Each structure stands twice: as structure tokens, then as C-alpha cells.
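Understanding the architecture of this molecule
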Amino acid sequence: MRRLGAVLAIRLRRWIPDPFVFAILLTLGVGVAAWAATEAGPGEVLDAWFRGFWLLLEFAMQMVLVLATGYAIALSSAASQGIDGLARRIHQPWQVYLTVLLAGSLLTLASWGWVVLTAVLARELAARVEGIDYPFLTACVFVSSWSWVCGLSSTIPLLLNTEGNFLIEAGLLSGAIGMEHTLGSRLNLTYFSLFAVLIPAVMLAVRPRAGEATSLAALRQELANPLTVAQEAAGTRLPVRALSDLLNHSAWLSAAVVVAGTAFLIRYFAAGGFDLNLNLMIFLFLVLGIAVHRTPMRYVVAMRRACSNISGLVFQYPFYAGIMGMMMFTGLGAIVAEELAARATPATLPAIAQLVGAGVNFAIPSAGGEWAVVGPGLVETANRMATDLAPAEHRALIGRVAMAVAYGETSSNLLQPFFLLSIMPVMGAGVRIQARDVMGHMAAPFAVFYLLTLVLVTWSPIN
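Scanning the chain for helices and strands turns up 25 helices and 0 strands. A compact globule built from 463 residues should have a C-alpha radius of gyration of about 23 Å, and the chain, at 23 Å, falls within 12% of that. Dimensions of the chain, computed from C-alpha atoms along their principal axes, come out at roughly 80 × 50 × 50 Å. When each of the 463 residues of the chain is scored for burial, the buried share is 53%. Looking at the chain alone, contacts between residues at least 24 apart form 82% of all its contacts between residues at least 6 apart. Roughly 20200 Å² of accessible area belongs to the chain as shown, and the carbon and sulfur atoms make up 64% of that amount. Treating the 27 positive side-chain charges of the chain as one cloud and the 25 negative ones as another, the clouds have centres 14 Å apart.

Laid out in C-alpha cells, this is it:
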């Protein structure tokens, strides 16, 4: 397994271009496919591309804020001290890899955006423990986010469980599909239990030998600013006493924001339960970051540093939104799903749904957006096959199909260099590392993910 991992890492490093180049190639490929497979002409394809360009602006900004606010917390002295304490108990590279994989799996159960915290932990451990292969550790961080599909932010099950969702409005569902058929199902619990053990085992099996490791120190570039956040903030003071400095470095101003933010969070959770959506998570990170940095100016410095490496997200999300627009507005995505589903039987429909989820994911980097495109065709097919089933069995079939799409989408994340941009602002800050250095390490876990998931969605009981 280790030799296979090494070969794949070398080969894919030669083949995989920069994520932006990948986005351009995918844009051209989807555009040609939309022109050839649908009734849309070249002008209509271009219109769909431009119309889609702006669909993910809110989501892109959310991603930027998740990364920046999460990384800003890591730049605090409190976070550094906590990681120092953990590092004193970890001495071997394999222990670092395992810690990152397990911590990431637990964090992303709460929300997929918390992978940024896993990246922060990995980055700091890499600076403290010798013998770590930094590109492989970066792969471990990303692979650790697999569990989000089982957890509280899994988009497709949450959409199905929403009253009045678009499938109900379209007349394809008579009501919401409860969590007992998706996240709370035996299928999902089996999926999580199996991969929680198997993914760390696979990653440890393919890890590079200590003598072959490429360390963080070897990749680190000359730091533009070696000062700590507190030192840089102190350096902004004027040589004379000034009201502006008193305000900039005032702990009570930060405390006021933290008190107000904490009061809101208490009220929110008391009224609505543990509903941890993306906006709330960003707000939580923001309040916590202001608290640990203590003064407004320190937080300004931390955010400036945290935002220094997010250019890839800023300009590439519109390109993927444009691809999503071509899939949606020309009907290409629906055609793909319906053509595959038309050849399905009740036994093979979940496997086909998994394939659709994995394939369309390359063009639509959003589980909710992907489900909006392929979900109606798959649900309509399930409805035709469920005419002789009891209502509970019918809902269970739809739940299985939906989870198959979600699992397929999660597995192909490992082959899509764009998704690495969710952690590269942290792992790549001040480091000479590219997506192609990391992608080869994710081929083996992808194969395990996809094949075992295929077995589960086909034969594992849903309830």
C-alpha cells in the first residue's frame, strides 16, 4: 500500500494541473457537452454560463469568512499554547497523522467548515514534530473532512427534511423525508462506523516513510513578517499619546462585542437548539477570535494575515458557479441524471445515484446545488419504482437514493483539486506547496471510499 501510494503521488503530481487550469478545462468541457447534448445553442450556453457566474457569491463569501475567522483564532497566543500542550504528548509522525484524521472526523461532524480548525491543528503540529511529510499531512487534513456528510451540516438530508422544499413544490414528494431515513438511518450509522476506522487505517498504510518525508521546514518560504500578532499590533502605535491608539488597543471595546455576541448565541441556542448553520459558525468564529486577541488592533492584524492566501477561493468560485449555471440552465445536469436513472432497477438505482453524485460533483461544487440539478430526476425514477411499496418503504428508498448521491459527492471531493482550496489558505501560507503535491495521496482513500460505499448503498439496510 505504501509503494502504491508513492507511485500514485508521483504520477498524479505530473498529471494534475493547477486548480484554476482544471476549472478552465472543465468549463470548456461542460460548455461543449451542453451544446452537443441539449437544445441550447452556443449563445444560450454562454448566457447560462454568465447567469451562473453569480449564483455562489454568498456561498463563496461564507467560505472566505470561515477560513479567515478560523485561521485568525489559530494566530492567537491561547491557541498556540493549547497546541504546544498537545504537541508535548505527540512524538511520532504517525501519531500526528492519526490525531489529525480523528480530530477532523469529529470536527466536521458538526460542520464541514470546521475542517479549517483541523488544518490549523495540523499546521502547528507539523512545526513542532519532526519527520512529518507535509504534503501527506495536508492530504490527511482534507481526507478527515469525509464525515461531514454524516453530520449536522449534510445538505441533502437537511433539504429533504425541510417542509415545503423544492421537491414537494414540484409535486415529486408528498411531504418531507424524515431524518430516520437519512442521517439517522442504519445505513448512515454503518457508513460512519466503518469509515471512522477504515480511513485512518488506509492513510497510515500509505504514509511515506520517515526518510522520504518532505518537511514543513523544507517547504517554508522566507517569512515576510516574523513578528507575532501582538508585536505587530503594538508597532502601530504613534510615538505620542493619542485617542486613536487608546481606541485601537482598547480591550473594553472588544469585550463589548464579545459580550453582545455571546448573549446572542445563548439566546439562539436556547430558542432553536443546536442548529449550527454556516452563518452561525462564522459568527461564532468571529466572536471567539475577537475574544482571544483581546484588542481590536490585534484582531485586525490577525485577519490581515489570515486573508493573505485566499485568492484562489475569491476568483475560482465564480468559474465553478458558471459551470453550475451551464449544467442547470441548459438542462444538461437533468439529462445526465435522467439518462442514467432510466436504465436503473430498484436494486441498481442507489448505485447509479452514487455515480451521478460523484460525477456531477466535478461541475457543481455544492451538494445542495447538485441535488437541485439531479435530485428531481432521481426522485421521479424512485417514485415510478415504488408504486407497489408501502409509504414507509417508499420514503426509505428515496432516503437511500439521496444518501447515495451525498456519499458519491463526498468521495469525488478527493479527486477534485478545487476543494483543496478550502484548506490551502492555512496549509499553504508561506509554504511552497501546490494542489498537485497533495492530490496523489488521496487516490487510495478515494478508491476505498467509492467501492465500499457502493456496497453499502446497494445492500446495507436503511432502517
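Secondary-structure assignment places Leu 167 in helix α10 (residues 166–169). A sequence separation of 213 residues divides Leu 167 from Glu 380, and the C-alpha atoms of the two residues are 9.6 Å apart. Among residues more than four places away in sequence, those in contact with Leu 167 are Leu 160, Leu 172, Leu 173, Trp 371, Gly 375, Pro 376 and Val 379.

Moving on, we get to the side chain of Thr 330. In this fold, Thr 330 is placed in the loop between α18 (311–329) and α19 (332–342). By relative accessible area, Thr 330 is classed as buried at 12%. Here the side chain of Thr 330 touches Met 326 through a polar contact of 2.4 Å, landing on its backbone oxygen. Among the polar contacts listed, one links the side chain of Thr 330 to the backbone nitrogen of Leu 332, at a separation of 3.4 Å.

If you check the backbone angles, Arg 294 has positive phi at about 75 degrees while not being a glycine. Relative to the helices and strands, Arg 294 is located in the loop between α16 (278–293) and α17 (296–306).

Turning to helix α2 (residues 19–37), a few remarks are in order. Counted at 1.5 Å a residue, the expected span for α2 with its 19 residues is 27 Å, and the 26 Å between its end C-alpha atoms agrees. Within α2 the residues assigned to the buried category are Pro 19, Phe 22, Ala 23, Leu 26, Thr 27, Val 30, Gly 31 and Ala 34. Along the axis of α2, the buried residues cluster in a sector spanning 165 degrees; they form a single face. Residues of α2 that are exposed and point more than 90 degrees away from the buried face comprise Leu 25, Leu 28, Val 32, Trp 35 and Ala 36. On its buried face, α2 sits against α3 (42–52), α18, α19 and α24 (435–439).

A word on α19. What α19 keeps buried is the set Leu 332, Gly 333, Ala 337 and Ala 341. Along the axis of α19, the buried residues cluster in a sector spanning 165 degrees; they form a single face.

On the surface, Leu 243, Leu 246, Leu 247 and Trp 252 cluster together into a nonpolar patch covering about 450 Å² of accessible area. Take the nonpolar patch: its biggest share by element is 3 residues, from helix α14 (residues 243–248). Relative to the elements of secondary structure, Leu 247 occurs in helix α14.

This part is about the nonpolar core. The biggest cluster of nonpolar side chains holds 147 residues, and the ones touching the most others in it are Tyr 134, Leu 137, Tyr 191, Leu 420 and Met 442. Look past the residues within four positions of Tyr 191 in its chain and what remains in contact with it is Trp 146, Val 149, Cys 150, Tyr 407, Phe 449, Thr 453 and Leu 456.

Position of Gln 354 among the secondary structure elements: in helix α20 (residues 349–360). In this structure, Gln 354 is in contact with Ala 404, Val 405, Gly 408, Tyr 450, Thr 453, Leu 454 and Val 457, ignoring residues within four places of it in sequence.

This part is about the pattern of salt bridges. Here the structure, examined in full by the defined rule, presents 3 salt bridges. The partner of Glu 232 in a salt bridge is Arg 304, and the shortest N-O contact between them spans 3.1 Å. Separated by 72 residues along the polypeptide, Glu 232 in helix α13 (residues 229–234) and Arg 304 in helix α17 bring together distant segments of the chain. On the basis of relative accessibility, which here comes to 16%, the residue Glu 232 falls in the buried class. Residue Arg 304 is classed as partly exposed on the basis of its relative accessible area of 49%. Among the salt bridges present, the one from Glu 232 reaches Arg 305, with a minimum N-O distance of 2.6 Å. With Glu 232 in helix α13 and Arg 305 in helix α17, this residue pair connects regions lying 73 residues apart in the sequence.

What counts and how
Residues numbered from 1 in each chain as written. Predicted model: local features only at pLDDT ≥ 70, side-chain atom pairs only at ≥ 80, totals over all residues. Heavy atoms only, no water. Helix = DSSP H or I, 4+ residues; strand = E, 2+ residues; numbered from the N terminus. Rg over C-alpha atoms; globule rule 2.2 N^0.38 Å. Buried < 20%, exposed > 50% of the residue type's maximum accessible area, 1.4 Å probe, protein only. Contact = heavy atoms within 4.5 Å. Areas by Shrake-Rupley, 256 points an atom, 1.4 Å probe, with all protein chains shown as cover. Lys, Arg positive; Asp, Glu negative; His and termini not counted. Charge placed at Lys NZ, Arg CZ, Asp CG, Glu CD. Polar contact = N/O pair within 3.5 Å; in protein donor to acceptor, adjacent residues only side chain to side chain. Expected span 1.5 Å × (residues − 1). Arc of directions from axis to C-beta. Patch = residues over 30% accessible without salt bridge, like charges linked within 9 Å, V, L, I, M, F, W, Y side chains within 5 Å. Salt bridge = Lys/Arg side-chain N within 4 Å of Asp/Glu carboxyl O. Core = buried A, V, L, I, M, F, W, Y, C linked by side-chain atoms within 4.5 Å.

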